[in-house]
Amino acid sequence: MSRIGRMPIAIPAGVTVTIEENNKVTVKGPKGTLERELPAEMEIKEEAGHIVVSRPNDLKRMKSLHGLTRTLINNMVIGVSQGYEKVLEINGVGYRAAKQGKKLTLNLGYSHPVEMIDPEGLETVLDGQNKITVKGIDKEKVGQYAAEIRAKRGPEPYKGKGIKYANETIRRKVGKTGKK
């Protein structure tokens, strides 16, 4: 059996979960509302303040969907109660970020500044000129937007310049050596 899929999801205080037909799950909490249509084969039930996901049989596809469905619901519950955030760091001489309203302006050594507008439901917060925090309630969207920002100038292995995640380590390489 799926070890993750079997685990019940505790519903924190202030969070309501409604399960409609076709496994449409709506989670409401203090930070907002998330809804998602999950695989119809899975059986999602609410029992005594917990949500339990069970599968109909032991086919490989059902085993895969079992853990996925449970994790997606758990991410929704955590999102509306605590929220998610990803921290990015900008390294490099002259590399900096600025925020104006919903517009994030990145100076990354190109001939033009890179401008990005915060998607719906997400917020970027600057800490100084080289730390960007992406906040939101949907884990998928937070990770996707953080990856899009990072992709504008990924970290390079020689000097470590570029945008990296705060918890990411860059494997450095040794540069060229002169002739003898």
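Here, every reference points to the structure presented above.
Predicted model only: the values in this text are computed from it and were never measured. For every chain, the first residue of its written sequence is number 1, and the numbers climb from 1 along that sequence. Since the coordinates come from a predicted model, pLDDT governs what is reported: local features require at least 70, and pairs of side-chain atoms require 80 or more to be given and counted, while whole-chain, interface and lining totals use all residues. To get the side-chain values, all heavy atoms of the structure are used, and hydrogens and water are removed first.

What about unusual backbone geometry?
Threshold: We count a stretch as a helix when DSSP gives it H or I for four or more residues in a row; a strand needs E for two or more, and each element gets its number in order from the N terminus.
Of note in this structure, N22 is not a glycine but carries a positive phi near 60 degrees. Looking at where N22 falls in the secondary structure, it is placed in the loop between β2 (16-20) and β3 (24-29). Of note in this structure, A48 is not a glycine but carries a positive phi near 45 degrees. Position of A48 among the secondary structure elements: in the loop between β5 (43-47) and β6 (50-54).

Some remarks on the pattern of salt bridges
Applicable threshold: The term salt bridge refers to a pairing of a side-chain nitrogen on Lys or Arg with a carboxyl oxygen on Asp or Glu at a separation within 4 Å.
Counted by the stated rule, this structure contains nine salt bridges. Between E43 and K45 there is a salt bridge, and its shortest N-O distance comes to 3.1 Å. R150 serves as the salt-bridge partner of E168, at 2.7 Å between the closest nitrogen and oxygen. Note that E168 is positioned in the segment after β13 (162-165) and R150 in helix α3 (residues 139-151), a separation of 18 residues in sequence.

Quick notes on the layout of surface pockets
The criterion, for reference: A 1.4 Å probe that fits but cannot get out identifies a cavity on a 1 Å grid over protein atoms alone, an open set with protein on both sides within 12 Å along at least five of seven lines counts as a pocket, and a residue lines either if it has an atom within 4 Å of a point. Grid points are joined across faces, edges and corners, and a volume is the space filled by probe spheres set on the points. Residues are grouped as follows: Ala, Val, Leu, Ile, Met, Phe, Trp, Tyr, Cys and Pro are nonpolar; Asp, Glu, Lys and Arg are charged; all remaining types, including Gly, are polar.
Estimates place the volume of the largest pocket at around 280 Å³. Residue lining of the largest pocket: 15 residues in total, with L34, R36, M76, D138 and K139 positioned closest to the centre. Where the lining of the largest pocket is concerned, the elements lending two or more residues are β4 (32-37), α2 (60-81) and α3. Sorting elements by how many residues they give to the lining of the largest pocket places β4 first, with four residues. Across the lining of the largest pocket, the residue classes tally to five nonpolar, three polar and seven charged.

Points about the sheet that holds β6
Definition in use: Here, any two strands with at least 2 DSSP bridges between them count as paired. Contact between two residues is taken to exist if any of their heavy atoms lie within 4.5 Å; hydrogens are not considered. Lines are fitted to the C-alpha atoms to define the axes, a helix being fitted only along its stretch in contact, and any angle between axes, read from their N-to-C directions, falls within 0 to 180 degrees.
Strand order across the open sheet formed by three strands is β1-β6-β5, with antiparallel pairing between neighbours. The sheet is open, and its two edges are formed by β1 (9-10) and β5, each paired on a single side. In this sheet, β6 lies alongside β5 in antiparallel orientation, the contact comprising five bridges. Within the sheet, the bridge partner assigned to E46 lies in β6 and is I51. Relative to β6, α2 is tilted by about 160 degrees, and along the sheet it contacts β1, β5 and β6.

Description of the nonpolar core
Just so we agree on the cut-off: For this analysis, a nonpolar core means a set of buried residues of the types Ala, Val, Leu, Ile, Met, Phe, Trp, Tyr and Cys, connected via side-chain atoms within 4.5 Å. Summary of the burial criterion: residues with accessible area below 20% of their type's maximum are buried, those above 50% are exposed, and those between are partly exposed, where the area comes from a 1.4 Å probe applied to protein chains only.
Core analysis: the biggest nonpolar cluster contains 20 residues, and V17, V25, V27, I44, I51 and I73 have the highest contact counts within it. Counting residues per element, the ones that place at least two in this core are β3, β6 and α2. Those residues in contact with I51, other than ones at most four positions away along the chain, are P8, I9, I11, V17, I44, K45, E46 and I73.

Description of the sheet that holds strand β10 (residues 114-117)
Within a sheet, each strand pairs with its neighbour through backbone hydrogen bonds, oriented either parallel or antiparallel. Pairing is antiparallel in the open sheet, where three strands are placed in the order β8-β9-β10. Each of the sheet's edge strands pairs with one partner strand only, and the pair in question is β8 (96-100) and β10. Strand-to-strand twist across the sheet, computed as the mean angle between neighbouring axes with direction ignored, equals 20 degrees. Running at roughly 170 degrees to β10, α3 makes contact with β9 (103-107) and β10 of the sheet.

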